[in-house]
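Residue-level structure breakdown
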Amino acid sequence: MSERRPDTPAEADGTAGLFVALGKMVKLLRERKGLTQKEFGELVGYGPDAVSAMERGVRTLRPEVLIKADELLDAGGLLKEVLPEVEQAMAKSRTRHPEWYRDYAGLEAEAVSLYDYSTMGVLGLLQTEDYARAVFTQRHPPLDEETIEKRVADRLSRQQLFEKWPPPECSFVIEQALLERPIGGPAVHVGQLQRLLHVGRMRNVQLQVMPTGRHEHPCLDNGFTLLTPKGREQVSYMESQGYPRLVTDREEVRILAARYGIIRAQALNPYESLDLIEKMLEER
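Residues numbered from 1 in each chain as written. Predicted model: local features only at pLDDT ≥ 70, side-chain atom pairs only at ≥ 80, totals over all residues. Heavy atoms only, no water.

1. Considerations on helix 4 (residues 48-55)
Filter applied, for reference: Buried means the residue's accessible area, taken with a 1.4 Å probe over protein chains only, is under 20% of the maximum for its type, while exposed means over 50%, and partly exposed covers the values in between. Every helix listed is a DSSP run of H or I at least four residues long, and every strand listed is a run of E at least two residues long, numbered separately from the N terminus.
In terms of burial, helix 4 is a largely internal element, 6 of the 8 residues being buried. Taken together, the buried positions of helix 4 are occupied by Ala-50, Val-51, Ser-52, Ala-53, Met-54 and Glu-55.

Structural data, given as structure tokens:
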């Protein structure tokens, strides 16, 4: 299946310069204040990967972040002054994903519940920037550097789902073997495990690990996602070798939902799962 290179919302609606300029301003103010990306991120409630993406203009600097940054970085109202323009740009923005993926991306962005079973790699919603870059860098046939950076930015943009209020109800079941695969090398692997711990501790998230040692398994096929958009019926999404499938047939969705229920029941509970990930980190 052919795939068109995705444009970012900023590229699509002509607001790229705004977010790039804001990112540069925040970076300059942060450095003048003597804060690292990690330190600044802890103050505004984001990880260093997200701060890096904001400063490069590939992730939206949300109004609440600008308000906090204005005070923390002694901007004197400079960042608050552009809030109307930022809110207008956010209202105009469109999804930045490949054309074949846009229907699903739009549904995901408005989801009130999202359940995912992952078998081969960490779900994009849960990936760190370094992990996502490693995934796209290792893809064959190879992608050029511009495409890699665009796709990393696109993937990180989806994670704004966790910043919605009220937040969506989320459940993630991850195969243990997937967690043991050090995509990108030891440092990237550690960062990804830490990211999973962070997300797994969110109040609206239940993260579970399916142990490799289970003798029985209800789904030895590809992983899949179940999501319920606001005011609409539940749908499912899955991919196989780059070929996507959005499932809307009620009976097919019902079968997948029932299968997901069995998967959750056979996986470790959320507390046991987080304990397992913590032990994996201690061993690194």
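Moving on, there is more to tell.
2. Considerations on the layout of surface pockets
Space left empty within the atom packing is revealed by a probe, the size of a water molecule, rolled over the atoms. We count it as follows: Computed over the protein atoms alone on a 1 Å grid, cavities are sets of points where a 1.4 Å probe fits but cannot get out and pockets are open sets with protein on both sides within 12 Å along at least five of seven lines; a residue lines them when it has an atom within 4 Å of a point. Grid points are joined across faces, edges and corners, and a volume is the space filled by probe spheres set on the points. For this classification, Asp, Glu, Lys and Arg are treated as charged, while Ala, Val, Leu, Ile, Met, Phe, Trp, Tyr, Cys and Pro are nonpolar and the rest, including Gly, are polar.
The volume enclosed by the second largest pocket comes to roughly 1100 Å³. Lining the second largest pocket are 34 residues, and of these Gly-45, Tyr-46, Gly-47, Arg-195 and His-198 sit closest to its centre. With 6 residues, helix 11 (residues 186-200) is the largest single contributor of residues to the lining of the second largest pocket. Split by residue class, the lining of the second largest pocket holds 12 nonpolar, 10 polar and 12 charged.

3. A word on helix 8 (residues 129-137)
To be explicit about the condition: Two residues qualify as a contact provided that any one of their heavy atoms is within 4.5 Å of a heavy atom in the partner residue.
Listed as buried for helix 8 are Glu-129, Tyr-131, Ala-132, Ala-134 and Phe-136. Residues of helix 8 that are buried sit in contact with helix 4, helix 9 (145-158) and helix 11.

4. Some thoughts on the packing of helix 11 against helix 13 (residues 270-282)
Worth spelling out the cut-off: Angular values range over 0 to 180 degrees, each being the angle between N-to-C directions of two axes fitted as lines to C-alpha atoms, with helices fitted over their stretch in contact. Working definition: roughly parallel below 35 degrees, roughly antiparallel above 145 degrees, roughly perpendicular at 65 to 115 degrees, and oblique for all remaining angles. Note: crossing handedness is left-handed where the near helix turns anticlockwise from the far helix by less than a right angle, and right-handed where it turns clockwise.
Look at helix 11 against helix 13: their axes get within 10 Å of each other, and the N-to-C directions meet at 155°. On the basis of their axis angle, the class for helix 11 and helix 13 is roughly antiparallel. In this structure, helix 11 meets helix 13 at a crossing whose hand is left-handed. Note on element contacts: helix 13 touches helix 11 through Leu-274, Ile-277, Glu-278, Met-280 and Leu-281, opposite Val-190, Leu-193, Gln-194, Leu-196, Leu-197 and Gly-200.

5. Brief notes about empty space enclosed by the protein
Per the stated rule, a full pass over the model turns up 1 cavity of 30 Å³ or more. The calculated volume of the largest cavity comes to roughly 40 Å³. Around the largest cavity, the lining residues are Val-122, Tyr-131, Leu-178, Leu-179, Arg-181, His-189, Gln-192, Leu-193 and Leu-196. When residues of the lining of the largest cavity are traced back to their parent elements, those giving at least two are helix 10 (176-180) and helix 11.

6. Thoughts on the side chain of Thr-228
Position of Thr-228 relative to the elements: it lies in strand 4 (residues 224-229). The residues touching Thr-228, leaving out its near neighbours within four places in the chain, are Glu-110, Ala-111, Val-112, Ser-113 and Gln-234.

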